[in-house]
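Next come the chains, spelled out residue by residue.
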Amino acid sequence: MKIVETIAEVRAQVKQWRQEGLTVGFVPTMGYLHEGHLSLIERARRENDRVAVSIFVNPTQFGPNEDLASYPRDLEHDAALCEGVGTDLIFHPEPAEMYPEGFCSYVDMDVLTQELCGLSRPVHFRGVCTVVSKLFHIVQPDRAYFGEKDAQQLAVIKRMVQDLNMDLEVIGCPIVREEDGLAKSSRNTYLSPEERRAALVLSRSIAEGRKLAESGETDAEKLVQAMRAVIAEEPLARIDYVKVVDLLTMQQISRLDRPFLAAMAVYIGKTRLIDNFMMETGGAGTCC
Ligand code: PAF
């Protein structure tokens, strides 16, 4: 496994793979890898001849009062994990490699970014779209893999690839959870033992919403109220949002009569956590 820091080195490696007729799978990450990331790399490994992983804490997707400085980093540990699941190349650039002096071009999106996390994190998706499109241009993968935990990010990236005619397939992979239900996240490391226990309220609320939807409830507001009621029982939890949106457009819906996403962002102490479930067929259909 190679670890490189420059765009030129990535391009040279990918060019060589292309000359050998090999396919390339790509997993963009911000590092501090956990089983959720590893499940993406493993899938990329199964579906491609070569696998590239980027590890880059992207400054443009953090707002001024967010956790850019404290975001956890551990390249040595990440590299060992990547190697263990068969990664061929890690791209670990310095911020100046991605955003050199004078950088002023961004990729932005309407509609899909104007709900859910886009409302509470106004610069977030511009930063995500910009860095992901740069990474796609640098790596030029056949397939790129993203977790469904960041469901809005996945929808935004799929839309960006479609709208900007990028020549790759974007693949969403299921949420990986701890044994007790908490969705895996690099930010879980911020939680104190007491907060870690309190954080289970997210997956309990998701389970409640899913149960209601599977039982045939078609009123989105009833789903939201049931999910909020579970969170309200936990004193350490403060809701940012709990919403039900159309799976493709990310716009709020009142009836569960189409593929939808039920998503939440909840503060546990100072840590903002997200979780969700999706249903492809609307009420009483199959969950994913
Ligand atoms: O999901 C993430 O870790 C990041 O948003 C991504 C896609 C790597 C872009 O920085």
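Everything quoted here is computed from the prediction, not taken from an experiment.

Focus: the environment of Asp78
For step 1, the next point in the chain: The residue Asp78 is located in helix 3 (residues 75-84) in this model.
For step 2, the next point in the chain: In this structure the C-alpha to C-alpha distance between Asp78 and Lys2, which are 76 residues apart in sequence, comes to 13 Å.
For step 3, the next point in the chain: With residues up to four places along the chain from it excluded, the contact list for Asp78 reads Gly31, Tyr32, Leu33 and Ile55.
For step 4, the next point in the chain: A polar atom in the side chain of Asp78 sits 2.9 Å from the backbone nitrogen of Leu33.

Looking at helix 7 (residues 151-163)
For step 1, the next point in the chain: Between its terminal C-alpha atoms helix 7 stretches 18 Å, which fits the 18 Å expected from 13 residues at 1.5 Å a residue.
For step 2, the next point in the chain: Where helix 7 is concerned, the buried positions are Ala151, Gln152, Gln153, Leu154, Ala155, Val156, Ile157, Met160 and Val161.
For step 3, the next point in the chain: If you follow the buried residues of helix 7, they end up packed against helix 5 (117-120), helix 6 (124-139), strand 5 (143-147), strand 6 (169-173), strand 8 (260-268) and strand 9 (271-279).
For step 4, the next point in the chain: Following helix 7 by one or two positions, Asn165 has its phi on the positive side, about 55°.

Digging into the pattern of salt bridges
For step 1, the next point in the chain: Following the criterion strictly, the structure yields 18 salt bridges and no others.
For step 2, the next point in the chain: Measuring nitrogen to oxygen at the nearest pair gives 3.0 Å for the salt bridge that ties Arg45 to Asp88. Of this pair, Arg45 sits in helix 2 (residues 35-47) while Asp88 sits in the loop between helix 3 and strand 4 (89-91), and the two are 43 residues apart along the sequence.
For step 3, the next point in the chain: Judged by its relative accessible area of 26%, Arg45 is partly exposed.
For step 4, the next point in the chain: Accessibility expressed as a relative area gives 22% for Asp88, which makes it partly exposed.
For step 5, the next point in the chain: Here Asp163 and Arg159 are joined by a salt bridge, their closest N and O atoms 2.9 Å apart. One end of the pair is Asp163 and the other is Arg159, both in helix 7 and four residues apart, which spans about a single turn.
For step 6, the next point in the chain: Taking relative accessible area as the criterion, Asp163 reaches 41% and is therefore assigned partly exposed.
For step 7, the next point in the chain: Salt bridges linked by common partners bring Glu35, Glu178 and Lys184 together as one network.

A few points about the site of the ligand
For step 1, the next point in the chain: Pro28, Thr29, Met30, Asn58, Gln61, Val128, Val131, Val132, Phe146 and Gln153 make up every residue found near the ligand.
For step 2, the next point in the chain: The separation between an oxygen atom of the ligand and a polar side-chain atom of Gln61 is 2.6 Å.
For step 3, the next point in the chain: In the model, an oxygen atom of the ligand is placed 2.7 Å from a nitrogen or oxygen of the Gln153 side chain.
For step 4, the next point in the chain: Those elements that provide at least two residues to the shell around the ligand are strand 2 (24-29) and helix 6.
For step 5, the next point in the chain: Considering every element that reaches the shell around the ligand, the biggest residue donor is helix 6, with three residues.
For step 6, the next point in the chain: Broken down by class, the residue content of the shell around the ligand amounts to six nonpolar, four polar and no charged.

Topic: the sheet that holds strand 7 (residues 237-246)
For step 1, the next point in the chain: Strand order in the open sheet formed by three strands is 7-8-9, with antiparallel pairing between adjacent strands. Each end of this open sheet is capped by a strand with a single partner; those strands are strand 7 and strand 9. With strand direction ignored, the average angle separating the axes of adjacent strands in the sheet is 15°.
For step 2, the next point in the chain: Examined bridge by bridge, strand 7 and strand 8 share nine bridges and lie antiparallel to one another. Pairing of Asp246 across the sheet is with Phe260, part of strand 8.
For step 3, the next point in the chain: Sheet strands in contact with helix 9 (residues 200-214) are strand 7, strand 8 and strand 9, and its direction is about 20° off that of strand 9.
For step 4, the next point in the chain: Contacts from helix 10 (residues 220-232) reach strand 7, strand 8 and strand 9, with the element oriented near 160° to strand 7.

Definitions and limits used
- Residues numbered from 1 in each chain as written.
- Predicted model: local features only at pLDDT ≥ 70, side-chain atom pairs only at ≥ 80, totals over all residues.
- Heavy atoms only, no water.
- Helix = DSSP H or I, 4+ residues; strand = E, 2+ residues; numbered from the N terminus.
- Contact = heavy atoms within 4.5 Å.
- Polar contact = N/O pair within 3.5 Å; in protein donor to acceptor, adjacent residues only side chain to side chain.
- Expected span 1.5 Å × (residues − 1).
- Buried < 20%, exposed > 50% of the residue type's maximum accessible area, 1.4 Å probe, protein only.
- Salt bridge = Lys/Arg side-chain N within 4 Å of Asp/Glu carboxyl O.
- Near = heavy atom within 4 Å.
- Nonpolar A, V, L, I, M, F, W, Y, C, P; charged D, E, K, R; others polar.
- Pairing = 2+ DSSP bridges.
- Axes fitted to C-alpha atoms, helices over the stretch in contact; angles between N-to-C directions.

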